[in-house]
Amino acid sequence: MTGSDVQMSPMSAVGLVAGREISTRVGSKAYRVTTLVMMILIVGLALVFKLFNGGGSADATVGYVPAASQLAEPLTATAKSIGQTVATQQVPDEKAGQAKLQDGSIDALLVQGADRVHVQVKKTLDAKLKNTFTVLEGQLALNQQITSLGGDPAKVRQATAEATIDELPPLEKPYDYNGQQLVLGIIAGILIYLSLMLNGQSVAQGVVEEKTSRVVELLLSTIKPWQLMAGKVLGIGVVGLIQMLAIGVVGVAAGLGFGVLTISVNAAVGTVVWLIVWYLLGFFMYSIVFAALGALVSRQEDVGGATMPALMFVIAGYVVGISILPSNPASPLAEVLSVIPVFAPTLMPMRLAMGGVPVWEAVLSVGLVVALIPALIWLAARIYRNAVMRTGAKVKLRDALSAA
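Here the structure is a predicted model, which is why all the values come from computation and not from measurement.

Can you help me understand the overall build of the protein in this one?
The helix and strand inventory of the protein stands at 15 helices and four strands. Looking at the 404 residues of the protein, the share that counts as buried comes to 39%. Once local pairs closer than 6 in sequence are excluded, the contacts in the protein between residues at least 24 apart make up 75%.

Can you help me understand helix α1 (residues 10–26) in this one?
One turn of the α-helix equals 3.6 residues, which is why residues spaced by three or four share an orientation. The end-to-end C-alpha distance of α1 is 24 Å, a good match for the 24 Å that 17 residues give at a rise of 1.5 Å each. Along α1, the residues classified as buried are A13, V14, V17, A18 and E21. The buried residues of α1 occupy an angular sector of 125 degrees when the element is viewed end-on, so they sit on one face. Facing away from the buried side of α1, by more than 90 degrees, are the exposed residues M11 and L16.

Can you help me understand the sheet that holds strand β3 (residues 108–110) in this one?
Consider a sheet: its strands pair through backbone hydrogen bonds, and that pairing is either parallel or antiparallel. Here we have four strands laid out as an open sheet, ordered β2-β1-β3-β4, and mixed in their pairing. Each of the sheet's edge strands pairs with one partner strand only, and the pair in question is β2 (86–90) and β4 (119–120). Where β3 meets β4, two bridges bridge the pair, whose relative direction is antiparallel. Directly across from L109, in β4, lies its bridge partner Q120.

So what exactly am I meant to see when it comes to the nonpolar core here?
Across soluble globular proteins, you tend to see nonpolar side chains buried next to one another. Counting residues in hydrophobic clusters, the biggest one holds 67 residues, and the most contacted among them are W278, F283, Y286, L296, V369 and Y384. Of all hydrophobic cores here, the second largest spans 22 residues; its members include V91, I106, V117 and F133.

Could you clarify how one ought to interpret the pattern of salt bridges in this entry?
Side-chain pairs of opposite charge can arise whenever the charged atoms involved come near each other. Following the criterion strictly, the structure yields seven salt bridges and no others. The residue E361 makes a salt bridge to R351 at a minimum N-O spacing of 2.8 Å. One end of the pair, E361, is in helix α14 (residues 359–387); the other, R351, is in helix α13 (residues 344–354), with 10 residues separating them in the sequence. Exposure class is identical for E361 and R351. Each is buried. Via salt bridges that share partners, R20, E21, R25 and K232 belong to a single interconnected network.

Looking at this structure, how should I read the pairing of strand β1 (residues 60–64)?
Here is the key point about a regular strand: its side chains alternate between the two faces of the sheet. Along β1, five of the five residues are buried, which leaves the element largely enclosed by surrounding structure. Examined bridge by bridge, β1 and β2 share five bridges and lie parallel to one another. For Y64, the partnering residue across the bridge sits in β2 and is Q90. With three bridges connecting them, β1 and β3 associate as parallel partners.

Any chance you could explain the packing of helix α9 (residues 225–257) against α14 here in plain terms?
Angle between the axes and distance between the axes are the two parameters that describe a pair of packed helices. Where α9 meets α14, the closest approach of the two axes is 9 Å, and the angle between their N-to-C directions is 115 degrees. Crossing of α9 over α14 shows right-handed handedness. Together, P225, W226, L228 and M229 of α9 and I377, A380, A381, Y384 and R385 of α14 make up the contact between the two elements. Grouping the constituent residues of the contact of α9 with α14 by class yields eight nonpolar, no polar and one charged.

Rules used throughout
- Residues numbered from 1 in each chain as written.
- Predicted model: local features only at pLDDT ≥ 70, side-chain atom pairs only at ≥ 80, totals over all residues.
- Heavy atoms only, no water.
- Helix = DSSP H or I, 4+ residues; strand = E, 2+ residues; numbered from the N terminus.
- Buried < 20%, exposed > 50% of the residue type's maximum accessible area, 1.4 Å probe, protein only.
- Contact = heavy atoms within 4.5 Å.
- Expected span 1.5 Å × (residues − 1).
- Arc of directions from axis to C-beta.
- Pairing = 2+ DSSP bridges.
- Core = buried A, V, L, I, M, F, W, Y, C linked by side-chain atoms within 4.5 Å.
- Salt bridge = Lys/Arg side-chain N within 4 Å of Asp/Glu carboxyl O.
- Axes fitted to C-alpha atoms, helices over the stretch in contact; angles between N-to-C directions.
- Left-handed = near helix turned anticlockwise from the far one by under 90°.
- Nonpolar A, V, L, I, M, F, W, Y, C, P; charged D, E, K, R; others polar.

Rendered as structure tokens:
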């Protein structure tokens, strides 16, 4: 069959190649198994968070004898004031408390009276719990001094609790970064990073496979090189989108269903939407480059080296995101890099999931990527057209850029 035997529009040609890629990859067992495994892992991760973090368990449990019962309430209040959760339980006597220490039912035991903190443990006293007891002992000592001077400790505590500072309005409105949003942002970045690495590499590997099997010669007798490249990128992009959408929906549903995600449904859905948007933008931007770079080589083992220069930008954005954003969500470096197109696909979705991104930054980053894609298509199509039919040694990029 030759080009004169079949006449089809450019879009029909692209659609034909894309349909072939979609049917082949979605129908493969490896694709279905990989997607299912990733969804199971997401659900399992949500369940683990539910089991270990969802129960609101105490950091420590302290027993106390009846003579020390007056310390129970001040102990829990003191622990709360310094960021700890301490549960208390009364024991009949010191002997019964020591038995609970032996079997691990309690972490510490308050004995004797309520005038001081008399604590007993099985082996060693936990450092955080010791800090709580130390603060409590300081309060008891202060109360005794106030009483000895004729004051009322209760009134002093009330006055201290009601004391406030005069906080003036900030120069800039702060943003409260929710911990769950931080986690969602990191997960979004990881998913996009993995998808770009796997599906983007699949584009380059597919080009080399067709090139070495001479299938490309048959295809190019019917359609143009840019149509083949565009169809391959579009088809694999749709396959990746289906996978990304399935994982995102299942993950959010599991998080909300298990009660792990307590943020609003709108915020969770917004994260999934931005995840899809940036996957599509990042995939199409990088995959057309991967297709062109893949056309430069004729062996599968050379694909990694050919695509590495482009992959370095994907990796750099991902590394900056997971290393800087968790500890400093408002990092100026991350803000600047997330707007630059080559770093935006992994960095910007992380920041958007965390929240606090100005609208103009989100619009600018999307706009720059959208504006860059046509230029990359033109450049990649030129490289692909001049290199895809040349087998044997690696084609130099300079030769591929020159006129055919």
